[in-house]
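Chain and residue survey
For reference, the chains in residue letters:
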Number of protein chains: 2
Amino acid sequence: MQDDLNQIAEEAKELLSEKKYAKLYGIIKEMMPADIALLFEELPIEDVTLLFRLLPKTLAADTFVEMDSEQQKKLITAFSDSELKAVIDELYVDDTVDIIEEMPANVVRRMIQYVSPEMRKSINEILQYPADSAGSIMTVEFVDLSREMTIDQAFDHIRENGYDKETIYTCYVIDRNRKLQGVVSVQQLLLCSRNMTVGDLMEENVVFCRTTDDKEDVAQTLNKYGFLALPVVDNEDRLVGIVTFDDAIDVLTEEATEDMEKMAAILPSEKTYLKTGVFATWKQRIPWLLLLMISATFTGKIITSAEDALSRYVVLTAFIPMLMDTGGNAGGQSSVTIIRGLSLGEISFSDWLSVLWKEIRVSLLCGLTLAAANFVKILVVDQVAVQVAAVVCITLVAVVFIAKIVGCLLPILAKRIGFDPAVMASPFITTIVDALALAVYFRVATLLLS
Amino acid sequence: MQDDLNQIAEEAKELLSEKKYAKLYGIIKEMMPADIALLFEELPIEDVTLLFRLLPKTLAADTFVEMDSEQQKKLITAFSDSELKAVIDELYVDDTVDIIEEMPANVVRRMIQYVSPEMRKSINEILQYPADSAGSIMTVEFVDLSREMTIDQAFDHIRENGYDKETIYTCYVIDRNRKLQGVVSVQQLLLCSRNMTVGDLMEENVVFCRTTDDKEDVAQTLNKYGFLALPVVDNEDRLVGIVTFDDAIDVLTEEATEDMEKMAAILPSEKTYLKTGVFATWKQRIPWLLLLMISATFTGKIITSAEDALSRYVVLTAFIPMLMDTGGNAGGQSSVTIIRGLSLGEISFSDWLSVLWKEIRVSLLCGLTLAAANFVKILVVDQVAVQVAAVVCITLVAVVFIAKIVGCLLPILAKRIGFDPAVMASPFITTIVDALALAVYFRVATLLLS
């Protein structure tokens, strides 16, 4: 896919240099909006503006939505007033909101002029919802029916109002106070017998969410039930919008990326890697690096405090990296598993005891396996005294045990006290486990070797 | 949600003990299949079988699909032949395949008896596709139209054939050789003027995938374009099935989980954490732990080889953990970012140079920041000789640099040579970086301190 696009981009640049616009237009108008947007990223803005003017209204708007905010900004600035109006008229409210949120104040002011009063009202409403709420990702353009409607009336209503709706396939039945009564799908409407009313047909126990619900939970719910869309109600139970499956997919993907970044001690960013500047990337990475570096120096303290033991048995130093790494890895395995389980809702706080009990058994199994393998290896390869081998292997079991307990408990605890579990991942765990590992190591050493 | 279910589970157990089946049925029949399945997991199998018999046919089948394979197996064994047939009749082909793939041979044999001949044919076809292919997740139940149809004929066709289709909203236009001609949505059909034909209305340049395409790419494509479903064609370009958005969401979620597991040096598993046995979990975790432990011992070798330097400047040992951890963290940051970018298709091999150039600059920025902070800290807090501080800080810059270069290049390289980039994450990087870090450390030390 990516490579095809690079090809097309090359071809496009050539055609542009030869001013063969008609031919280029012929290629572009067959492409999907998302691909056109990707293609435009490869081209200079003046060519983009030119090509954009060639596109039919709807395709132009769909493409505009797919572009990244940088390009959108440039285009808006390049647009004439009438061009800007034409694009905005074609946009869905939720897309317009997404764009407005990314634009600088002056651009927003210019856009708002061309937004119809009703649309402006809904935009302002959506903009008021907190960033991670269902309200912030919902679309306000949906089909609503009333229970008295006959099937034919329902279809007439859908035909009249369906044009500018993001989905018409799930219709929501509301009363005159806009309270959510039920839900009915176009599939049901198409397949049922003509003499029924919407009220007869509709499903009355509707799964819905509130404008204030966390958008990740909403996406999970929609995914769990395989819905096309989930209705969103305000605190007076009035239907104010819907969250559609495509927005849910985006939320789930973004959340997964964010978790991975946090697990890797990176502050999450909105932009993709290649679009993030060097300083922005530095800002994402340096805080945790600094924090973890400082805390790691405490591990150093433990070594210094054990100087005399080390100076007597310098060989002990040789096993420090192995013990630290194994601890970090063992802890990371547990924490990442638990963190993912938590964010997928497969694990909840109430499971903490069964999780702990399981990690205890797994950690002992892993620890003993590693110790056994290591014991043989030390005696055969390193050929050091049996006591030293014993010290290392006993420590190994202890380290893996500690690592996995810390690794499974910290995320659950974090979740419980309202922290983000993802932060309790490998790097953080490693720092803690390292210190404990060395403490145990030298303790065991002084016990067995003196 | 989870907590509500626990409540309902308690109530259900009570009602069961009091044999108040009617009341319990009243509660259950209002619930969503996915929730009923979760509830059933909490109940003893004999009660589940009993309740299952109470459910209406369709709801029973939908619930059955949502259950985990263990419960499905138990239920099938408990079913009478007629009950089994009733459930299977209601299942979609792709769901049946998913179930069959999880069942032991004897259960499969029993199930297959009640599968209609046509269904058996499609099942066998789907079972032949490789596990990660589009063919393995596609559904063969879709609505196909021919271009000659009028809008009304199209609707009649949809009404006749729509009952047992997973989605009717995207219809596919094929010729008499079943070659894919175009695609038309029910929305278009509803909103267009009655006197058109399907041919006039359909979108001719259809985005499709092949049965052999990787299911993750297919899911990405479907997500990229926000489609409800993506058509799947065989190697003669005949339409054989469709992949629906809900399956795509599952694929994307599973792939993200798999990547996280691999990044944490865990062998991925199909089952959720709580459903995986202790030994299974051990099997997932021990291979990498062993491998990384062995390789970490080489880092130990480097320390032993530097024994004399260490015995002269024991203080050097104190900074080993900090240098190792920082290296691991810095490398992990880069690798995880790149790996995610690769799997989301935001980064491709052709970007390797811009990635490298960016990581070089970021790594120097990070390295210098850390070195500066550390230099002050060492002089103020640790109060060691300036030369030692210099050694540590110079090493620090070098380590962060090496870590980030290794961290960004290895995943891209892995992808290029057809390996899974996710394996090239933190633990693996850490082990390499640790060795390099210490090598540099002692080299710099011997240069500056002697």
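Above this text you will find the structure in question.
What you see is a predicted model; the values in this text were computed from it and never measured. (Residues numbered from 1 in each chain as written. Chains lettered and ligands numbered in written order. Predicted model: local features only at pLDDT ≥ 70, side-chain atom pairs only at ≥ 80, totals over all residues. Heavy atoms only, no water.)

A closer look at the interface of chain B and chain A
Many structure descriptions define interface size as the accessible area lost when the parts assemble. The condition that has to hold: The criterion used for residue contact is that any of the two residues' heavy atoms lie within 4.5 Å. Note on definitions: buried area is the accessible-area loss of two parts on being combined, 1.4 Å probe, summed for both. Any Lys or Arg side-chain nitrogen located within 4 Å of an Asp or Glu carboxyl oxygen qualifies as a salt bridge. Under this grouping Gly is polar, as are all residues other than the nonpolar Ala, Val, Leu, Ile, Met, Phe, Trp, Tyr, Cys and Pro and the charged Asp, Glu, Lys and Arg.
Of the residues lining the interface, 113 residues belong to chain B; the matching set on chain A comes to 114 residues. Summed over both partners, the interface of chain B with chain A comes to about 10,100 Å²; 68% of that surface belongs to carbon and sulfur atoms. In terms of surface lost to chain A, no three residues of chain B exceed Tyr169, Met260 and Tyr273 of chain B, which account for 8% of the buried area on that side. Counting across the chain B and chain A interface gives four salt bridges. Salt-bridge contacts for Lys224 of chain B lead to Asp35 of chain A; the nearest nitrogen and oxygen are separated by 2.5 Å. Across the side of chain B that touches chain A, the residue classes break down as 57 nonpolar, 32 polar and 24 charged.

Details of the relation of the copies chain B and chain A
How we decide: Our superposition of the copies is a least-squares fit, built on the C-alpha atoms of residues whose pLDDT is at least 70 in both.
Here chain B sits on chain A after a turn of 180 degrees about the axis and a move of 0.0 Å along it, with an RMSD of 0.1 Å. Between the two chains, the operation in question is that of a two-fold axis. A shared interface surface links the copies, since 99% of the contact residues of chain B are contact residues in chain A too.

Digging into the state of the cysteines
Each disulfide is one covalent bond, formed between the sulfur atoms of two cysteines. Under the convention used in this document: Two cysteine sulfurs form what is called a disulfide whenever their separation falls within 2.5 Å.
One pass over the structure, following the stated rule, counts zero disulfides over all chains. The thiol of Cys209 of chain A is unpaired, and the distance to the nearest cysteine sulfur, on Cys171 of chain A, comes to 18 Å. Looking at Cys171 of chain B, it has no disulfide partner, and the nearest cysteine sulfur is the one in Cys192 of chain B, 12 Å off.

A word on the sheet that holds strand S5 (residues 229-233) of chain A
Hydrogen bonds between backbone atoms are what pair the strands of a sheet, whose relative direction is either parallel or antiparallel. Residues and elements named next belong to chain A. Just so we agree on the cut-off: Between any two strands, pairing holds if DSSP finds at least two bridges. Helix numbering and strand numbering both begin at the N terminus, where a helix is a DSSP run of H or I of at least 4 residues and a strand a DSSP run of E of at least 2. Every angle, taken between N-to-C directions, lies between 0 and 180 degrees, and every axis is a line fitted to C-alpha atoms, over only the stretch in contact when it is a helix.
A sheet is described by the order of its strands in space; here three strands give the open sequence S4-S5-S6, paired in mixed fashion. Single-partner strands in this sheet number two, and they are strand S4 (209-210) and strand S6 (239-244). Here S4 pairs with S5 via two bridges, running parallel. Paired with Cys209 across the two strands is Val232, which belongs to S5. Of the strands in this sheet, S4, S5 and S6 are in contact with helix H15 (residues 215-225), which crosses S5 at around 140 degrees.

Things to note about the pairing of S5 of chain A
All names here are of chain A. Under the convention used in this document: For the exposure calls, accessible area comes from a 1.4 Å probe over protein chains only, and a residue counts as buried if that area is under 20% of its type's maximum, exposed if over 50%, partly exposed in between.
Of all the five residues making up S5, five are buried; the element is thus mostly covered by neighbouring parts of the structure. Every second residue of S5 is oriented toward a common face, with Ala229, Pro231 and Val233 on one face and Leu230 and Val232 on the other, all of them buried. Here five bridges tie S5 to S6, and the two strands are oriented antiparallel to one another. Each bridged residue has a counterpart across the sheet, and for Ala229 the counterpart in S6 is Thr244. Counting the residues that bridge the hairpin from S5 to S6 gives five residues, and of these Asp237 lies at a positive phi of roughly 60 degrees.

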